[in-house]
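Reading the structure
Take a look at the letters that make up each chain.
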Amino acid sequence: MITFELTEEQQLISDMLTSFARDEMAPKARDIDEASEIPQDILTAGWDLGLVSATIPEALGGSGGERSPITSAIILEKLGYGCASIATSIMAPSLFVQPIVDFGTDDQQSEYLSLFTGDYHAASMALQEPHFTFDVVDMKTTAEKNGDSWVINGVKRLVPLGTTASHFLVIARTGKDKGLANIDAFIVPRDAKGLTIENESGTQGLKPVATSSLTFDSVEVPAKDRLGGDAGIDGRRLINTVRLGGAALALGVARAATDFAIPYARDRVAFGEPIGKKQSIAFMLSDMHSDCEAMRWMLWKAASQLENGDDATKATTLAKDCINRLALRVADNALQVFGGHGYIRELPLEMWLRNARTLTLLEGPVAV
Amino acid sequence: MITFELTEEQQLISDMLTSFARDEMAPKARDIDEASEIPQDILTAGWDLGLVSATIPEALGGSGGERSPITSAIILEKLGYGCASIATSIMAPSLFVQPIVDFGTDDQQSEYLSLFTGDYHAASMALQEPHFTFDVVDMKTTAEKNGDSWVINGVKRLVPLGTTASHFLVIARTGKDKGLANIDAFIVPRDAKGLTIENESGTQGLKPVATSSLTFDSVEVPAKDRLGGDAGIDGRRLINTVRLGGAALALGVARAATDFAIPYARDRVAFGEPIGKKQSIAFMLSDMHSDCEAMRWMLWKAASQLENGDDATKATTLAKDCINRLALRVADNALQVFGGHGYIRELPLEMWLRNARTLTLLEGPVAV
Amino acid sequence: MVDFSISEVDNEILAQLRAEGKAGEKYTRYYEDHEEEIIPKKFDEADDFPSIMSLMKKRSFDDTPGATFQMLLIMQRAATLGVTLQTRTGGLGNAALGAAGTDEQKKKWGGMTLAMSITEPGAGSDTKAIQSTARLDGDEWVINGDKIFVTTGIRCEGVVVWATVDKAAGRAGIKSFVVMKGTPGFNIVRKEKKLGIRTSDTAAYSFEECRIPRENLLGGDESVPKPGQGSASYKGVLKTFNMTRPAVAAGGVGKAKGALEWCVDALKDEGVEVDWEASAHNRTSAQQTLIEMEADTDAAALTVLRAAWLADKGQPNNVEASVSKSKGGDVCRTVPQRAMNLLGAMSVSHDHLVEVYLRDGRISDIYEGTGQIQRLIIARNILGFSSAELS
Amino acid sequence: MVDFSISEVDNEILAQLRAEGKAGEKYTRYYEDHEEEIIPKKFDEADDFPSIMSLMKKRSFDDTPGATFQMLLIMQRAATLGVTLQTRTGGLGNAALGAAGTDEQKKKWGGMTLAMSITEPGAGSDTKAIQSTARLDGDEWVINGDKIFVTTGIRCEGVVVWATVDKAAGRAGIKSFVVMKGTPGFNIVRKEKKLGIRTSDTAAYSFEECRIPRENLLGGDESVPKPGQGSASYKGVLKTFNMTRPAVAAGGVGKAKGALEWCVDALKDEGVEVDWEASAHNRTSAQQTLIEMEADTDAAALTVLRAAWLADKGQPNNVEASVSKSKGGDVCRTVPQRAMNLLGAMSVSHDHLVEVYLRDGRISDIYEGTGQIQRLIIARNILGFSSAELS
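Counting starts from 1 at the beginning of each chain's written sequence and moves along it residue by residue. Key to labels: chains lettered from A, ligands numbered from 1, both in the order written. Under the rules for a predicted model, residues below a pLDDT of 70 receive no local features and side-chain atom pairs below 80 are neither given nor counted, while totals for whole chains, interfaces and linings still include all residues. Values reported for side chains reflect all heavy atoms of the structure, with hydrogen atoms and water molecules removed beforehand.

**Concerning the overall build of chain A**
Numbering of helices and strands runs from the N terminus, with a helix taken as a DSSP run of H or I at least four residues long and a strand as a DSSP run of E at least two residues long. Along chain A, the regular secondary structure elements total 11 helices and 10 strands. Along the first, second and third principal axes, the C-alpha atoms of chain A reach 75 × 45 × 40 Å. In chain A, buried positions account for 67% of the 368 residues. Considering only contacts in chain A between residues 6 or more positions apart, those separated by 24 or more positions represent 76%. A residue counts as positive if it is Lys or Arg and as negative if it is Asp or Glu; His and the chain ends are not included. Charge positions are represented by NZ for Lys, CZ for Arg, CG for Asp and CD for Glu. Taking the average location of the 34 positive side-chain charges in chain A and that of its 49 negative ones, the two points are 7 Å from each other. Accessibility here uses a 1.4 Å probe with only protein chains present; expressed as a share of the type maximum, an area under 20% marks a residue as buried, one over 50% as exposed, and anything in between as partly exposed. In what follows, a contact means two residues having at least one pair of non-hydrogen atoms within 4.5 Å.

**Remarks on the interface of chain B and chain C**
How large an interface is tends to be reported as the accessible area lost when its parts come together. Facing 40 residues of chain B, the contacting portion of chain C comprises 51 residues. Of the roughly 3,800 Å² buried between chain B and chain C, counting both surfaces, carbon and sulfur atoms make up 58%. Reported buried area values correspond to the accessible surface (1.4 Å probe) lost by two parts on association, with both partners' losses combined. It is Phe132, Phe271 and Tyr343 of chain B in chain B that bury the most area against chain C; as a group they hold 25% of the surface buried on that side. In the sections that follow, a salt bridge refers to a side-chain nitrogen of Lys or Arg positioned within 4 Å of a carboxyl oxygen of Asp or Glu. Taken together, the links from chain B to chain C amount to four salt bridges.

**Notes on empty space enclosed by the protein**
Residues and elements named next belong to chain B. For cavity detection a 1 Å grid was placed over the protein atoms alone, and a set of points counts as a cavity when a 1.4 Å probe fits there but cannot get out; an open set counts as a pocket when protein lies on both sides within 12 Å along at least five of seven lines, with lining residues being those that have an atom within 4 Å of a point. Grid points are joined across faces, edges and corners, and a volume is the space filled by probe spheres set on the points. Scanning the model with the defined rule gives five cavities of 30 Å³ or more in all. Each pocket or cavity is described by its volume, and for the second largest cavity that value is around 190 Å³. Lining the second largest cavity are 18 residues, and of these Leu158, Pro160, Leu362, Glu363 and Pro365 sit closest to its centre. It is strand 4 (residues 149-160) that contributes the most residues to the lining of the second largest cavity, three residues altogether. Taken together, the residues of the lining of the second largest cavity sort by class into 10 nonpolar, six polar and two charged. By the convention adopted, Pro, Cys, Tyr, Trp, Phe, Met, Ile, Leu, Val and Ala count as nonpolar, Lys, Arg, Asp and Glu as charged, and the other residues, Gly among them, as polar.

**Quick notes on the interface of chain B and chain D**
Taken residue by residue, the interface counts 52 residues in chain B and 50 residues in chain D. Approximately 4,600 Å² of surface area, both sides summed, lies buried where chain B meets chain D, with 64% of it carried by carbon and sulfur atoms. For chain B, the biggest contributors to the area lost against chain D are Met1, Ile2 and Phe4 of chain B; these three give 18% of the whole. If you look at where chain B meets chain D, you find seven salt bridges. Distance and chemistry together define a polar contact, namely a pair of N or O atoms within 3.5 Å, with one atom able to donate a hydrogen and the other to accept it when in protein, and with adjacent residues in sequence counting only for side-chain atoms on both sides. Our count for the contact surface shared by chain B and chain D stands at 20 residue pairs in polar contact (both at pLDDT 80 or more). At the level of secondary structure, the elements contributing two or more residues to the side of chain B that touches chain D comprise strand 1 (2-3), helix 7 (235-267), helix 8 (279-307) and helix 9 (313-338) of chain B. The biggest single contributor to the side of chain B that touches chain D is helix 8 of chain B, with 17 residues. When grouped by side-chain class, the residues that make up the side of chain B that touches chain D number 21 nonpolar, 15 polar and 16 charged. Direction of pairing for strand 1 of chain B relative to strand 1 (residues 3-4) of chain D: antiparallel, over a ladder of two bridges. Each residue of the ladder has a partner; that of isoleucine 2 of chain B, found in strand 1 of chain D, is phenylalanine 4 of chain D. Think of it this way: DSSP has to see at least two bridges between two strands before they count as a pair.

**Points about the pattern of salt bridges**
Tallied over the full model, the rule gives 105 salt bridges over all chains. Aspartate 259 of chain A is paired through a salt bridge with arginine 255 of chain A; the nearest N and O atoms lie 2.9 Å apart. Of this pair, aspartate 259 of chain A and arginine 255 of chain A both sit in helix 7 (residues 235-267), four residues apart, roughly one helical turn. Owing to a relative accessible area of 29%, aspartate 259 of chain A belongs among the partly exposed residues under this scheme. A cluster of three or more residues bridged by salt bridges with shared partners is formed by Arg30, Asp33, Glu34, Arg345, Glu350 and Arg354 of chain A together with Glu35 of chain D.

**Observations regarding the domain arrangement of chain A**
Residue and element names in this part refer to chain A. Domain assignment breaks chain A into domain 1 (8-116), domain 2 (124-231) and domain 3 (235-359). Each of domain 2 and domain 3 has a C-alpha centre, and the two are 30 Å apart. The interface is formed by 12 residues belonging to domain 2 together with 12 residues belonging to domain 3. Counting each side, the surface lost to burial between domain 2 and domain 3 is near 1,100 Å², with a carbon and sulfur contribution of 72%. Between the two partners, domain 2 and domain 3, sit zero salt bridges. Linking domain 2 with domain 3 are three residue pairs in polar contact (both at pLDDT 80 or more), by the criterion used here. Each residue belonging to the side of domain 2 that touches domain 3 can be placed in one class, and the counts come to eight nonpolar, two polar and two charged. Where each domain begins and ends follows an automated or database-derived domain assignment.

Next comes the structure, spelled out in structure tokens:
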């Protein structure tokens with residue numbers, strides 16, 4: 001049945017994170033971006049909300065909450081609203097954790113998940129590759145079976161938290177066939193032999209989130225660390241959770257920009273009256289609001305298919321297409337409302353444009 | 001050197017046709033569309049301007065004017081401004097005449113061009129084919145050499161003036177290779193053996209211009225009637241003239257819709273003031289005006305490359321892409337300015353939308 | 001828990017509605033070309049389909065709620081181009097009667113088809129500029145004025161007319177009156193010829209000293225506010241827009257959906273199909289365009305469902321109704337346009353129905369308030385400006 | 001006869017400008033990351049390039065006319081991302097001096113770099129809202145007020161400041177004054193940190209009882225209108241916009257061109273290239289997008305050339321200047337965005353310069369009047385409304 005009803009728990013989380021985003025994250029976002037560094041206290045405060053460990057079984061020290069892509073979408077929108085860079089730093093470990101929750105063998109779960117039930121712990125996923133026409137269905141990084149191990153070769157780029165992650169979930173092709181179904185994931189510690197990790201030069205958006213390039217020169221991974229063991233994983237499901245994660249953050253950025261532009265347009269006087277009384281500005285804001293609504297329902301629709309256990313590939317593609325176009329447009333128009341003031345790095349408008357631009361190109365950097 | 005300067009002659013033609021479009025064509029356009037029939041007097045008046053015969057050599061009874069795609073672009077924009085359906089009825093013969101002027105052998109010129117130096121005479125081009133994914137580089141209609149003749153097989157659709165044309169220039173593939181360079185054209189009389197001509201059911205736009213389907217069942221064409229004789233034609237150039245012809249008409253339609261919407265927005269009062277004082281309407285009109293400017297220069301740029309004898313394929317593709325998108329948008333927004341009144345078949349707005357929609361999908365129906 | 005799946009019984013109902021619409025497509029081109037005719041109340045093919053009402057009884061309490069499901073029905077029906085096989089009683093005026101009429105009035109006119117007549121030559125979206133007047137003369141109201149764009153204005157049995165009883169009062173003075181066909185002074189000026197929606201009869205009226213009983217004031221005498229009482233009644237009328245805007249939006253979204261489906265099917269026949277897993281760089285331009293068209297259409301559909309779902313929950317949906325109408329107004333224009341882009345020149349031929357989507361769909365960004373009006377409403381709400389402050 | 005071809009000598013000049021710009025790209029990332037530094041007046045690489053001036057002498061009377069050719073130069077330069085290898089004297093204030101200064105003033109300040117200071121915290125595009133004042137006190141003007149967004153405001157030697165001598169007179173009261181760096185009361189408040197154009201130094205100023213000689217009024221005392229004489233001087237200042245708007249538009253178009261070229265080259269390296277003859281249905285989505293980007297960019301470029309060409313012909317170009325600015329403002333945003341769409345996630349990496357196009361380009365839809373202001377100007381002109389009637 002069609003319903004937009006949140007569960008009571010979702011409503012509670014949503015309210016809590018609305019406050020956290022508004023009171024804790026948003027006021028620091030501008031400085032954090034400028035400094036390209038995230039202070040430990042906000043990281044700790046965010047981590048202590050227990051979002052990453054929420055779905056880790058109680059037996060392993062987690063909260064044992066139900067795995068819900070809808071709940072994740074709500075969480076990530078709110079965090080993205082507060083600050084996409086802080087959100088990424090707190091939640092990028094979900095790129096490692098959620099797939100293990102979803103697909104990990106019992107052994108993999110008990111070996112790795114408890115890392116995330118205490119203090120802040122960084123882990124990440126290595127997915128992006130260096131070429132411009134990269135697409136996840138057509139990866140160059142390969143894993144070949146060699147006796148009891150897998151041997152990984154290839155280069156991964158733009159790995160978030162790559163400088164601090166203890167482990168990476170490395171996405172690679174194990175067969176010759178293209179397509180999401182033929183994707184595999186491997187758990188690789190940062191000190192694996194043959195793995196070279198290099199700091200990267202920086203990115204347009206999500207500036208404070210340091211990224212790394214990972215070069216795999218015949219890195220040997222024991223068979224037990226292939227995610228899902230012999231069964232492997234549902235590649236479509238994995239990629240869809242990653243795609244929707246970034247989309248949820250981008251939506252949050254767009255909504256933040258919209259909510260920031262509205263009072264400005266109401267109060268800022270030019271040509272003798274508030275600029276919001278000019279239809280050109282008013283209609284821009286109206287479309288920004290409508291776009292945010294549309295994006296959220298598209299996100300939820302795809303997430304609800306994941307939630308129902310359906311193949312959400314088509315709905316995810318549609319949601320990503322919608323959000324990639326609209327989130328960027330919204331952020332870009334929000335800047336326009338502020339004119340020259342939006343171009344200066346004092347207000348967060350230009351940061352939101354860079355963050356929206358970056359999030360709408362990445363796969364990830366978080367997972368629903 | 002870059003210049004937007006018209007020659008004195010072009011300026012004279014432009015002025016003359018501006019008057020003709022405004023005084024003779026535009027006032028009749030709405031009724032003609034509704035009646036799906038073009039009165040003989042306006043056809044005669046238009047034909048007598050001598051536009052089709054302008055470039056036919058004097059020796060053959062024409063005016064012997066220089067062949068100028070720029071001049072044609074100016075003429076067609078003005079005629080499209082007045083009424084695209086009348087314009088098509090007057091100028092569709094250019095689809096037959098101009099290629100013969102451009103590529104015809106002396107014999108072909110003397111045999112066929114004098115048909116067009118007297119009273120109104122219909123001829124046309126058969127280009128479009130029945131499938132949706134049709135593209136001129138990938139035609140199904142073929143012409144195979146058989147002794148001293150060519151044998152044509154295939155189906156052509158949406159042939160303008162197909163009900164009255166005495167001859168058709170039939171576009172067909174003579175080789176296996178795709179691409180514009182491998183296109184050939186054949187002069188076929190309407191009573192050719194094996195050619196079946198059927199009236200079509202009508203079209204969304206250009207309603208008064210009857211179209212026909214032509215079925216070629218091993219139609220034999222003597223070698224002398226292959227356009228350009230043994231040398232054939234420059235297929236790129238031919239198709240570029242046809243593409244720009246339709247684009248010029250579409251631009252005229254867009255400009256007409258814009259010029260009609262401007263005074264309405266200035267005078268029509270709603271909510272206590274002229275609707276043109278609302279930024280949403282004012283900005284729509286502003287963009288319509290800017291789009292018309294942009295379209296004209298793109299059209300002229302491509303036409304000037306044809307004029308200079310250059311390969312204008314890229315410039316034509318760009319001009320067509322620009323005009324296909326913008327002319328439709330302009331016509332659609334002009335209707336929006338009029339709201340419900342634009343939707344009623346009393347004002348010409350809905351007609352312009354249909355004509356713009358149709359012209360931006362056709363190759364042709366005229367040639368620059 | 002957030003969900004967008006549809007139950008089996010709902011899918012069954014939607015499938016039948018689609019089949020019915022498709023069955024009506026054999027008559028579509030004829031009525032495109034014969035706009036002067038009014039379609040019969042019933043076509044033979046209607047007997048092949050059980051009434052939707054009987055199917056609706058199978059729905060359970062756990063199904064998609066009522067108003068939300070209504071939107072799906074409208075979208076599904078609009079996605080086909082078929083004429084209505086069996087015309088049901090009722091017009092837009094019936095909705096107004098249901099919302100604002102007294103019990104007695106509902107009983108009296110409920111079974112008739114009532115049109116709704118608001119727009120005037122000088123007042124489109126600007127309803128407070130209404131010039132038509134109603135004055136009380138003894139026990140009769142006397143109506144004067146010109147009206148245009150009256151949907152079902154030809155075949156209706158009566159009409160709900162907006163007129164002002166007190167020009168000085170502005171919106172508060174505007175009342176609705178029920179006028180029966182045949183009342184002296186009620187003239188049908190013409191049937192409009194339109195770009196599309198040609199089986200919908202649109203009329204222009206003029207009222208000249210048209211006298212109707214005092215009881216024909218919708219809502220009864222109570223609906224005339226006492227001095228200083230404000231415009232509760234006018235707001236009541238506006239409130240009905242909260243479902244009509246999503247409903248009209250649903251119609252526009254349906255046309256977009258229909259154009260998209262038509263295009264997908266036609267291209268599939270010629271070997272073009274979206275591979276949902278293909279890399280972006282491995283998609284053709286047509287495949288990518290189909291994805292964008294579907295994303296836009298889906299997004300618009302979801303805003304419609306959202307607005308209706310809020311109504312189902314009894315929550316305010318004024319902004320959401322306008323969001324859905326503005327999004328629906330966008331896709332009803334762009335998606336049929338893009339479908340024709342992908343189908344090329346043959347799509348303009350009357351051999352095919354796809355061109356009708358563009359013409360029919362176009363109205364959805366105009367009536368029930370243009371996209372511009374919707375954006376004004378949204379902007380006023382989010383900016384906290386009154387209609388005087390932002391106009 | 002209409003023509004858009006470029007002569008050999010012009011192509012040579014453009015090619016050198018491009019080479020120069022490309023040579024400067026080795027420094028670009030450094031100055032992106034070190035916005036606090038002012039680039040040197042000259043880099044070593046500058047010596048590899050003859051002065052453009054010497055090349056310009058080869059141009060003949062038959063070449064593309066001057067202002068039009070200037071637009072090509074700006075576009076070509078903007079299409080690269082390199083820092084300026086050799087800074088030439090002159091700022092926006094020099095243009096104002098050239099347009100409005102007396103001969104004496106031109107001689108005195110012509111060799112210096114003058115910035116232009118118009119915008120105030122409370123007055124962006126709305127120049128008549130200017131609050132800065134100038135009052136005559138004996139033989140001195142005394143300037144007071146705050147100014148922002150002063151381009152080359154750090155490295156300039158002086159500045160042309162707009163201030164009002166008579167608030168009641170509205171626009172007619174606004175005059176330009178030349179103020180030299182170091183004048184007491186002329187304070188540089190800060191250097192702005194910006195999204196892009198980081199080698200362009202943008203300053204905020206405050207003037208506190210800043211005294212300048214009476215002769216520093218641009219145009220001399222004559223420029224102050226007698227009562228009832230109208231605002232000729234203000235119009236004179238506005239008139240200079242007829243070339244600055246196309247010039248700024250050209251900058252935006254250049255960024256779009258540059259982003260497109262970068263994208264085309266990078267994709268070519270990975271095997272993606274437009275086949276200009278391919279059927280629409282045989283093009284990939286990326287190929288089609290490249291075509292649309294180029295069409296949009298070309299169209300915007302042509303509107304810029306049109307506006308400049310009219311100026312070359314001595315014809316009014318007020319509308320055309322705004323058309324070019326609105327089109328340039330569109331493509332400077334959409335084309336770099338779309339280039340990054342085609343290049344995917346790697347395009348955000350600082351390993352590549354392509355992301356700079358988006359940040360640098362973005363300013364072109366803001367300064368010299370936003371796209372919204374341009375549309376207002378166009379609309380007023382085509383509708384025949386005054387700025388009071390349509391605002």
